[in-house]
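Each chain, letter by letter, is given below.
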Amino acid sequence: MSPVPWIFSGSSRFASSDRETKTHPLLPGPPTSSLTDRFGQTQIEKKIYERGSTPAFARIGSMNLTGLIARIPKAELHLHIEGTLEPEMMMQLARRNGIELAYASVEDIRRAYDFTDLQSFLDIYYAGAQVLIREQDFYDLTWAYLERAASDNVRHVEIFFDPQTHTDRGISFSTVIDGICGALQDGETRLGITYRLIMCFLRHLSADAAMQTLEDSLSYRDRIHAVGLDSSELGHPPSKFVQVFDRARSEGYLTVAHAGEEGPPDYIWQALDALKVERIDHGVRCLEDPALVQRLVDKQTPLTVCPLSNVKLRVFDTLEDHNLKRLLDAGICATVNSDDPAYFGGYIGENFLRVQQALDLNADDILSLARNAFAASFLSGRDKRRYTAEIDQAAH
Ligand code: HPA
Ligand code: ZN
């Protein structure tokens, strides 16, 4: 097999026309005054006091927040399974499949993970995924993620996979989905982690290619719960995929989409209005548009926020600049997730811990984030209530 065109020469499987220069650098967020206009101090205070006469943050000291984060049941709603490929496994699979990597060691691979924006990450991420060839590879990848998730007390996962990343290089749809679902099934049996599978379309490719992928997926309809939209955001607005999402909904799929990670608030509006999504993946740029914030609050449309990802891909300069706390205080149903943890430096537990420290989140913030994730999930109402009761127990 030929060497993987992997990082070394700057070569990419994307034509340069698919690349977009980042023209909308993200501001840390609107000035507090614009938030206070809409969600003034009294409303925020009201929210805090509505939570109970003795707020959890008054009862749980900051020393114990680490313990609280460790023991709360978690749901992960924004996780690309290809983004859990740790350098160690990348080396092992390359060896097992006779693929030549351009890097001699795990350390060399890790050193390359110095991203300037989403595209610089995606180039490396798609190249890395080329070591995934056989059903067993997809099984091993997914199983390794589930074991890590179990150690973070993750109880439910809704994971993304990108069939086009694999079918475009000759790997069959069934190889990919059989491997992933085999591990998910074993994870439910052996680790007690429930799951849903979400198929993402690569937005830098054509709407026709997405439609073909949707048609190919119908043979596996019973295993796929929802469809999503990922990859290069700028220049590939949600509106490009209206017909694909209309068809997906007519086939009974639920819908989600990445929007407002690097793209403008208008892409979030399009995802809501044109694609009719149940959740927005990322969505952090919503705070630039007060009317959009109002809409997200009114409808309680969840955002699957990924703090460490946002810093690694320079959406925010530092974790201290992240707007997660402001999203929560605005009344948005925000959740914490890990996105591509092998590339971004931490799984969900690490995301919770680091963002708690950086933003000085209190116990009520942590509990809200955990409850929001189950509320935002595709679980049944009964399961949501069961997990929420467990979170309430963990608070005491
Ligand atoms: N954004 C868009 N596409 C992706 C991401 C992301 O954060 N991770 C994997 N594919
Ligand atoms: Zn993502």
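See the structure printed just above.
For the structure given in this document, a descriptive report is provided here. (Residues numbered from 1 in each chain as written. Chains lettered and ligands numbered in written order. Predicted model: local features only at pLDDT ≥ 70, side-chain atom pairs only at ≥ 80, totals over all residues. Heavy atoms only, no water.)

The subject of this paragraph is the site of ligand 1. Near ligand 1 the following residues occur: His-80, Leu-118, Phe-121, Leu-122, Tyr-125, Asp-230, Ser-231, His-258, Glu-261, His-282, Asp-339 and Asp-340. One of the backbone nitrogen or oxygen atoms of Ser-231 is found 2.8 Å away from a nitrogen atom of ligand 1. Contact with the protein chains hides 100% of the accessible area of ligand 1, taken as 260 Å² for the molecule alone. The biggest single contributor to the shell around ligand 1 is helix H7 (residues 118-128), with 4 residues. Here the shell around ligand 1 is composed, by residue class, of 4 nonpolar, 4 polar and 4 charged. (Near = heavy atom within 4 Å. Polar contact = N/O pair within 3.5 Å; in protein donor to acceptor, adjacent residues only side chain to side chain. Areas by Shrake-Rupley, 256 points an atom, 1.4 Å probe, with all protein chains shown as cover. Helix = DSSP H or I, 4+ residues; strand = E, 2+ residues; numbered from the N terminus. Nonpolar A, V, L, I, M, F, W, Y, C, P; charged D, E, K, R; others polar.)

With a phi angle near 60°, Asn-153 is a residue other than glycine that sits in the positive phi range. Tracing the chain through its elements places Asn-153 in the loop between helix H8 (135-151) and strand S2 (154-161). Located in the positive-phi region is Asp-360, a residue other than glycine, with phi close to 55°. Structurally, the position occupied by Asp-360 is in the loop between helix H18 (348-359) and helix H19 (363-376). Assessed through its relative accessible area of 63%, Asp-360 is described here as exposed. (Buried < 20%, exposed > 50% of the residue type's maximum accessible area, 1.4 Å probe, protein only.)

For the rest of this paragraph, the subject is the coordination of the zinc ion (ligand 2). Reference values for angles at a metal are 109.5 degrees in the four-donor tetrahedral case and 90 or 180 degrees in the six-donor octahedral case. Coordination sphere of the zinc ion (ligand 2), protein contribution only: His-78 (NE2), His-80 (NE2), His-258 (NE2) and Asp-339 (OD), at 2.0 to 2.3 Å. One can describe the donor arrangement at the zinc ion (ligand 2) as irregular, given that its 4 donor atoms subtend angles of 81 to 173° at the metal. Of note, the donors binding the zinc ion (ligand 2) are all from one chain and are spaced H-x1-H-x177-H-x80-D. Residue His-78 is located in strand S1 (residues 74-80), and its partner Asp-339 is located in the loop between strand S8 (334-336) and helix H17 (341-344); the two are separated by 261 residues in the primary sequence. No difference in accessibility class separates His-78 from Asp-339, as the two residues are buried. (Donors = N, O, S within 2.8 Å, 3.2 Å for Na, K, Ca; no water. Tetrahedral: all angles 85-135°; square planar, octahedral: opposite > 155°, others 65-115°.)

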